[in-house]
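Next come the chains, spelled out residue by residue.
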Amino acid sequence: DQQVKQNSPSLSVQEGRISILNCDYTNSMFDYFLWYKKYPAEGPTFLISISSIKDKNEDGRFTVFLNKSAKHLSLHIVPSQPGDSAVYFCAARTLKTSYDKVIFGPGTSLSVIP
Amino acid sequence: KAGVTQTPRYLIKTRGQQVTLSCSPISGHRSVSWYQQTPGQGLQFLFEYFSETQRNKGNFPGRFSGRQFSNSRSEMNVSTLELGDSALYLCASSLAVELFFGEGSRLTVL
């Protein structure tokens, strides 16, 4: 049962344009949603998170939008830079102790073309 | 502040052997989680430890086990290795919401 889905395995964007990465989830019990960026042969790096009680969180070039009714979130990167080329993982977490674990989506590979 | 440290970074084993991977979390972090990453499978949750207790476990066979020590350092063990166990094993520590990952241990089973 895939609780966190990223239906686009890959995405190509021109440098300077907006990158939009999408994520869907099935479990309404999640308290937080997180985005991670991963380069090959490295561990994932935390980018930005959003609480389930908010609909938007912004940090520099990164903005995450949450639509709870649609169980959908998206990560916007503006402007996109070649160094943003990596695999992006969407993740969800519930903080209830008996079920506290972070579930990751399968990832979207972003290529930013100079 | 030192990050999450995993050792060894790379290792090669043969089928049937066993392997132990080590993880030192960020100082002050008491929660340690382990994930397996294989091509096309994303990050699959193995287990999570907090204060030496396993709080959650993923859907992996009993060949996969772990433990956490009083200093929060953690180890995971895989016994009777199979070819399908070849993967990047990632450890993450946490203080609150975010997980902070190490660089991983790349296991190849021949």
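Just above, that's the structure.
This is a predicted model, so every value here is computed, not measured.

Calculation criteria
- Residue numbers here run from 1 along each chain, matching the order of that chain's written sequence.
- As a convention, the first chain written is A and the first ligand written is 1, with the rest following in written order.
- Predicted model: local features are reported for residues with pLDDT of at least 70 only, side-chain atom pairs are reported and counted for 80 or more only, and whole-chain, interface and lining totals are derived from all residues.
- As a convention, hydrogens and water are excluded, and side-chain values are obtained from all of the structure's heavy atoms.
- Think of a patch as exposed residues, more than 30% relative accessible area, with no salt bridge, where like charges cluster within 9 Å and nonpolar side chains (Val, Leu, Ile, Met, Phe, Trp, Tyr) cluster within 5 Å.
- Here, Shrake-Rupley sampling with a 1.4 Å probe gives the accessible areas, and only protein chains in the shown set may cover a residue.
- Put simply, a salt bridge is a Lys or Arg side-chain nitrogen that is within 4 Å of an Asp or Glu carboxyl oxygen.
- Only DSSP runs of H or I covering at least 4 residues are called helices, and only runs of E covering at least 2 are called strands; the numbering of each starts at the N terminus.
- Only protein chains enter the accessibility calculation, which uses a 1.4 Å probe; a residue is then buried when its area is under 20% of its type maximum, exposed when over 50%, and partly exposed in between.
- At least two bridges found by DSSP between two strands is the condition for calling them paired.
- Interaxial angle, 0 to 180 degrees, is taken between N-to-C directions of lines fitted to C-alpha atoms, where a helix line uses only the stretch in contact.
- Residues are treated as being in contact if the distance between any of their heavy atoms lies within 4.5 Å.
- Put simply, buried area is how much 1.4 Å-probe accessible surface two parts lose in total, over both of them, once they are put together.
- Polar contacts, as used here, are pairs of N or O atoms within 3.5 Å; protein pairs need one atom able to donate a hydrogen and one able to accept it. Residues neighboring in sequence count only if both atoms are side-chain atoms.
- In this description, the term disulfide denotes a pair of cysteine sulfurs within 2.5 Å.

Honestly, a nonpolar patch on the surface in this entry has me stumped. Any pointers?
Residue and element names in this part refer to chain A. Together, Ile-18, Ile-20 and Val-78 give the surface a local cluster of nonpolar side chains, amounting to about 230 Å² of exposed area. Relative to the helices and strands, Val-78 is located in the loop between β8 (72-77) and β9 (86-93). Residue classification places Val-78 among the partly exposed positions, given a relative accessible area of 42%.

Can you walk me through the pattern of salt bridges in this structure?
Close approach of charged atoms allows side chains with opposite charge to pair. All names here are of chain B. Here the structure, examined in full by the defined rule, presents seven salt bridges over all chains. Close ionic contact of Arg-55 with Glu-48 constitutes a salt bridge, the shortest N to O distance being 2.8 Å. Overall, Arg-55 belongs to the partly exposed group, its relative accessible area being 24%. On the basis of relative accessible area, Glu-48 is assigned to the buried category, the value being 2%. Among the charged side chains, a network of salt bridges with common partners joins Arg-63, Glu-82 and Asp-85.

What's the story with the pairing of strand β4 (residues 31-38) of chain B in this structure? I'm lost.
As a general feature of sheets, a regular strand has side chains that alternate between the two faces. All names here are of chain B. Burial runs high along β4: eight of the eight residues are buried. Residues Ser-31, Ser-33, Tyr-35 and Gln-37 line one face of β4 and the alternating positions Val-32, Trp-34, Gln-36 and Thr-38 line the opposite face, and both faces are buried. Counting the residues between successive antiparallel strands, the hairpin from β4 to strand β5 (residues 42-50) contains three residues, one of them, Gly-40, with a positive phi of roughly 80°. Sheet topology note: the β4/strand β9 (residues 87-94) ladder contains seven bridges and is antiparallel. Note on β9: the bridge partner recorded for Ser-31 is Ser-94.

In this structure, what is going on with the sheet that holds strand β7 (residues 64-68) of chain B? I would like to understand it.
Backbone-to-backbone hydrogen bonds join strands into a sheet, with any given pair of strands oriented parallel or antiparallel. All names here are of chain B. Judged by pairing direction, the sheet is antiparallel, and its four strands sit side by side in the order β1-β3-β8-β7 without closing on themselves. In this open sheet, the two edge strands, each paired with only one partner strand, are β1 (5-7) and β7. Here the strands of the sheet are splayed against their neighbours by 15° on average, with no regard to which way each runs. As defined by bridge partners, β1 adjoins strand β3 (residues 19-24) across three bridges and the pair is classed as antiparallel. Along β3, the bridge assignment pairs Gln-6 with Cys-23.

I would appreciate a short explanation of the interface of chain A and chain B in the present structure.
A common way to report how large an interface is uses the accessible area buried once the components associate. Taken residue by residue, the interface counts 22 residues in chain A and 20 residues in chain B. Taking both sides of the interface into account, the surface hidden between chain A and chain B amounts to around 1700 Å²; carbon and sulfur atoms contribute 57%. On inspection of chain A and its partner chain B, the count reaches zero salt bridges. On the surface where chain A and chain B come into contact, there are seven residue pairs in polar contact (both at pLDDT 80 or more). Only β4 (32-38), β5 (45-51), β9 and β10 (102-104) of chain A provide two or more residues apiece to the side of chain A that touches chain B. Looking at the side of chain A that touches chain B, the element that brings in the most residues is β4 of chain A, giving four residues.

What exactly am I supposed to notice about the state of the cysteines here?
Where two cysteines share a covalent bond between their sulfur atoms, that bond is called a disulfide. As enumerated under the stated definition, the model contains two disulfides over all chains in all. What pairs with Cys-23 of chain A in a disulfide is Cys-90 of chain A, and their sulfur atoms sit 2.0 Å apart. When the S-S torsion is -75°, as for the bridge of Cys-23 of chain A with Cys-90 of chain A, the disulfide is left-handed. With Cys-23 of chain A in strand β3 (residues 19-25) and Cys-90 of chain A in strand β9, this pair connects stretches of sequence that are 67 residues apart. Here Cys-23 of chain A matches Cys-90 of chain A in class, with each residue buried. Disulfide pairing is shown between Cys-23 of chain B and Cys-91 of chain B; the S-S distance is 1.8 Å. Across the S-S bond linking Cys-23 of chain B and Cys-91 of chain B, the dihedral sits near -60°, which makes this disulfide left-handed. Of the two residues, Cys-23 of chain B is situated in strand β3 and Cys-91 of chain B in strand β9; the sequence distance between them amounts to 68 residues. Look at Cys-23 of chain B and you get buried, because its relative accessible area is 0%.

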